[in-house]
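The lines below spell out each chain.
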Amino acid sequence: MHNTIKPKVTLVGAGPGDPDLLTLKGVKALAEANVVLFDALANEEIMNHAPKNAIKIFVGKRIGAHEYSQDQINQLIVDNAFTYGHVVRLKGGDPFIFGRGSEEIEYAESFGIPTFVVPGISSAIAVPAYQGISLTKRGTSESFWVITGTTSDRNLSDDVALAAQSSATVVILMGMSKLAQIVALFQKECKGEIPVAIIQNGTTSQEKIGVGTINTIQDVVAENRLSSPAIIVIGEVVKESNKLKGFYEAFLSKEI
């Protein structure tokens, strides 16, 4: 029996939250899974694409749930591949954007297990898009930065200070706990009037949004009770979203 088991690992990006934003290739990979290891970030409806008899193991980080370390997850991927065959590792967003997917692939490959990657739609791009925010726009923004708010040593990335000096759109993931520091860095560059949108649970039915400027966004967060998981978008393109225009017109008339 065991001779017929062919270990294989497919890393699948589940997209930003809306279950319809899973790719067709992701659906096909799940349909062929013997085991699925999934994160808290992956919408659980996506699990319906896996066979009923597939083993489903939750390895995400949730308050009150057992938290697996990255080393334990790596080991689970390998053990399950050798025992059952095809392991699908399902991760929110795109697995290679702050998802540690490359570490999991490298570990599996070190055992000679064939690995495949199915890219996912990154929340960094999709969540602003759902609000009509185009990260690049002719005449407004020539580029965008996607930065993690919290690095492996739990500090704010030094790149935020560099991004604040540029004219690019800045998207910060996992940055809510560092919002005061982010605001201070942009104020230091005299960018207090730059528009900001904070989008919580983007692309899902629980989506919440707050809009303001660098100078006001902390008050907006408090008023709207915004918290993680949320994406911070900083730049003139925020103001140019058709969906958010009303927010800004009301906001500016208050200031006059």
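For clarity, every value in this text was computed on a predicted model and none was experimentally measured.

The rules behind each value
- Residues numbered from 1 in each chain as written.
- Predicted model: local features only at pLDDT ≥ 70, side-chain atom pairs only at ≥ 80, totals over all residues.
- Heavy atoms only, no water.
- Helix = DSSP H or I, 4+ residues; strand = E, 2+ residues; numbered from the N terminus.
- Rg over C-alpha atoms; globule rule 2.2 N^0.38 Å.
- Buried < 20%, exposed > 50% of the residue type's maximum accessible area, 1.4 Å probe, protein only.
- Contact = heavy atoms within 4.5 Å.
- Areas by Shrake-Rupley, 256 points an atom, 1.4 Å probe, with all protein chains shown as cover.
- Lys, Arg positive; Asp, Glu negative; His and termini not counted.
- Charge placed at Lys NZ, Arg CZ, Asp CG, Glu CD.
- Pairing = 2+ DSSP bridges.
- Right-handed = clockwise from strand over helix to strand, strands pointing away.
- Polar contact = N/O pair within 3.5 Å; in protein donor to acceptor, adjacent residues only side chain to side chain.
- Arc of directions from axis to C-beta.
- Axes fitted to C-alpha atoms, helices over the stretch in contact; angles between N-to-C directions.
- Parallel < 35°, antiparallel > 145°, perpendicular 65-115°, else oblique.
- Left-handed = near helix turned anticlockwise from the far one by under 90°.
- Nonpolar A, V, L, I, M, F, W, Y, C, P; charged D, E, K, R; others polar.

S.K.: Looking at this structure, how should I read the overall build of the chain?
M.R.: Across its full length, the chain holds eight helices and ten strands. Taken over the C-alpha trace, the chain has a radius of gyration of 20 Å; the compact-globule value for 256 residues is 18 Å, and the two agree within 12%. The C-alpha extent of the chain, read off along each of the three principal axes, is 75 × 40 × 35 Å. Across the 256 residues that make up the chain, the buried fraction comes to 48%. Contacts in the chain between residues far apart in sequence, at least 24 positions, make up 66% of those at least 6 positions apart. A total of about 13300 Å² of accessible surface is found on the chain, and carbon and sulfur atoms cover 52% of it. Side-chain charges in the chain split into 23 positive and 27 negative, and the spacing between the mean points of these groups amounts to 4 Å.

S.K.: Teacher, can you tell me more about the pairing of strand β6 (residues 144-148) here?
M.R.: The side chains of a regular strand alternate, first on one face of the sheet and then on the other. Judged from the five bridges that link them, β6 and strand β7 (residues 169-173) form a sheet pairing that is parallel. Its bridge partner being in β7, Phe 144 is matched across the sheet by Thr 169. In this region the chain leaves β6, passes through helix α5 (residues 159-164) and returns to the parallel neighbour β7; the handedness of that crossover is right-handed.

S.K.: Is there a simple way to explain helix α4 (residues 123-130) in this structure?
M.R.: Because each turn of an α-helix spans 3.6 residues, side chains separated by three or four positions end up pointing in the same direction. When we look at burial in α4, the residues that qualify are Ala 124, Ala 126, Val 127 and Pro 128. On its buried face, α4 sits against β6, β7, β8 (195-200) and β10 (230-234). N-capping of α4 is provided by Ser 122, with a side-chain oxygen placed 3.1 Å from the backbone N of Ala 124. Just beyond α4, the residue with positive phi is Gly 132, at close to 75 degrees.

S.K.: Mind showing me how you'd approach helix α7 (residues 217-224) here?
M.R.: Among the residues of α7, Ile 217, Val 220 and Val 221 are the ones counted as buried. Angularly, the buried residues of α7 cover 100 degrees about the axis, an arc narrow enough to put them on a single face. Exposed positions of α7 whose direction lies more than 90 degrees from the buried face are Asp 219, Ala 222 and Glu 223. Each element contacted by the buried residues of α7 is listed here: α6 (179-188), β8 and β9 (208-213). Directly beyond the C-terminal end of α7, a positive phi value near 50 degrees is found at Arg 225.

S.K.: Would you take a moment to explain the packing of helix α2 (residues 70-84) against helix α3 (residues 101-109) for this structure?
M.R.: Relative orientation and spacing of two packed helices are given, respectively, by the angle between their axes and the distance between those axes. Where α2 contacts α3, the axes come no closer than 9 Å and their chain directions differ by 45 degrees. Judged by the angle between their axes, α2 and α3 are oblique. Where α2 crosses over α3, the two elements pack in a sense that is right-handed. In contact with Gln 70, Ile 73, Asn 74, Gln 75, Ile 77 and Val 78 of α2, α3 contributes Glu 103, Glu 104, Tyr 107 and Ala 108. Residues belonging to the contact of α2 with α3 are distributed by class as follows: five nonpolar, three polar and two charged.

Geometric descriptors of this kind do not, in isolation, establish any biological role.
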